[in-house]
Amino acid sequence: MAEIVPVQWFPGHMAKTRRLMRDNLRLVDLVVELTDARIPQSSRNPELDRIIGQKPRLLLLNKSDSADEEQTRRWCRWYRERGIPAIAADCRTGRGLGQFLPAIRQVLAEKIAQWEQRGMAGRPIRVMIVGIPNVGKSSLINRLAGGKRAKVEDRPGVTRGKQWVALTGGVELLDMPGVLWPKFEDPLAGERLAFVGSVKDEVIDVEHLAVRLLEVLVQNGEGEKLSARYGIPKETVEGSEPFDLLEAIGKKRGMLLPGGAIHTERAAIMVVDEFRGGVLGRITLEQCS
């Protein structure tokens, strides 16, 4: 089955956000880049390395409660070995966020020491939060701020402009709008972004998306999780064509149209939503060797 190729995003949107980031980089001490722990590479905008340059950074693998725990540990280690400090967290539950402010202070330890020597102890640490749409930037800020300071919706593209949020502990966060890059060089990266919901669903055929997701999950050895969730024997899950498996799931859940045909679109929406919500279990789509 051919992979999904999401719609290409307008270059002007990326150019505007790129300018916004560059204009505000001088105002911050560190950049926190959020990525999705289920797809730690595909959810990183390749433009960010060029934009951020030598500015200190911290990588936060969000949604780690929905990702394979061992894979997340490996990815964090993989990034650290390449000079990028990385921590895992889940902004919905707050798990792991206790590491966030200490990690920022550790990355900036030398700069903070310099401030103290210059009589600037207590100077606020200013942090820019960046990441692709729907990766959890607003949820992170709301968790850290202890209230709904940023608008949150489970769809890409909600944060429209920059906004500052002050935290206790002398840290100020600058939230930037999330943006995808204009062209996906790797079609599989675009496909994975569609799986996790970082591409607008209106531009994707949900049945195609669900069928391809089922195919990838079975190929990645997650057949047992599908079997447990949908009550279909593992041998059937692993031996079926992906569309036949979607039909079997719809039939098992009683999703029938008048006349007895299976409502595959409804089944597809359920499968995609349950994967995104972590209901199928802890799954990482990109494996770190």
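Bear in mind the structure is a predicted one, so any value in this text is a computation, not a measurement.

**So, the confidence of the model for the protein chain**
Stage number 1. A residue-level look at the protein chain finds 88% of positions with pLDDT of 70 or above and a mean pLDDT of 86.
Stage number 2. Between residues 5-12, whose pLDDT stays under 50, and residues either more than four places distant or in other chains, the model counts 17 contacts.
Stage number 3. Note on residues 151-160: pLDDT is under 50 here. Beyond four places in sequence and across chains, it has 23 contacts.

**Structural notes on unusual backbone geometry**
Stage number 1. Here the phi dihedral of Lys-63 falls at roughly 60°; this positive angle occurs in a residue that is not glycine.
Stage number 2. Among the secondary structure elements, Lys-63 is positioned in the loop between strand S2 (57-62) and helix H3 (69-81).
Stage number 3. Backbone geometry at Asn-134 places phi at a positive 65°, although glycine is not the residue there.
Stage number 4. Residue position: Asn-134 is located in the loop between strand S4 (125-130) and helix H6 (137-145).
Stage number 5. Classification of Asn-134 by relative accessible area gives buried; the value is 15%.

**As for the nonpolar core**
Stage number 1. Counting residues in hydrophobic clusters, the biggest one holds 59 residues, and the most contacted among them are Val-32 and Phe-100.
Stage number 2. Looking at which element gives the most residues to this core, the answer is helix H8 (residues 206-219), with seven residues.
Stage number 3. With sequence-adjacent residues up to four places away left out, Val-32 is seen in contact with Leu-58, Leu-60, Phe-100, Ile-104, Val-127, Met-128, Ile-129 and Val-130.

**Examining helix H9 (residues 223-230)**
Stage number 1. For H9, the full list of buried residues reads Gly-223, Leu-226, Ser-227 and Tyr-230. Buried residues of H9 fall within an arc of 100° about the axis and therefore sit on the same side. Exposed residues pointing more than 90 degrees away from the buried face of H9 are listed as Glu-224 and Ala-228.
Stage number 2. Lining the buried residues of H9 we find H8, helix H10 (234-239), helix H11 (242-252) and helix H12 (264-276).
Stage number 3. The first or second residue beyond H9 is Gly-231, which carries a positive phi of 65°.

**Points about the sheet that holds S2**
Hydrogen bonding along the main chain pairs the strands of a sheet, whether they run parallel or antiparallel.
Stage number 1. Reading across from one edge, S3-S2-S1-S4-S6-S5 is the order of the six strands in this open sheet, with mixed pairing throughout. In this open sheet, the two edge strands, each paired with only one partner strand, are strand S3 (86-88) and strand S5 (163-167). For this sheet the average axis-to-axis angle between neighbouring strands, irrespective of direction, equals 25°.
Stage number 2. Here strand S1 (residues 30-36) pairs with S4 via four bridges, running parallel.

Rules used throughout
Residues numbered from 1 in each chain as written. Predicted model: local features only at pLDDT ≥ 70, side-chain atom pairs only at ≥ 80, totals over all residues. Heavy atoms only, no water. pLDDT = per-residue confidence, 0-100. Contact = heavy atoms within 4.5 Å. Helix = DSSP H or I, 4+ residues; strand = E, 2+ residues; numbered from the N terminus. Buried < 20%, exposed > 50% of the residue type's maximum accessible area, 1.4 Å probe, protein only. Core = buried A, V, L, I, M, F, W, Y, C linked by side-chain atoms within 4.5 Å. Arc of directions from axis to C-beta. Pairing = 2+ DSSP bridges. Axes fitted to C-alpha atoms, helices over the stretch in contact; angles between N-to-C directions.

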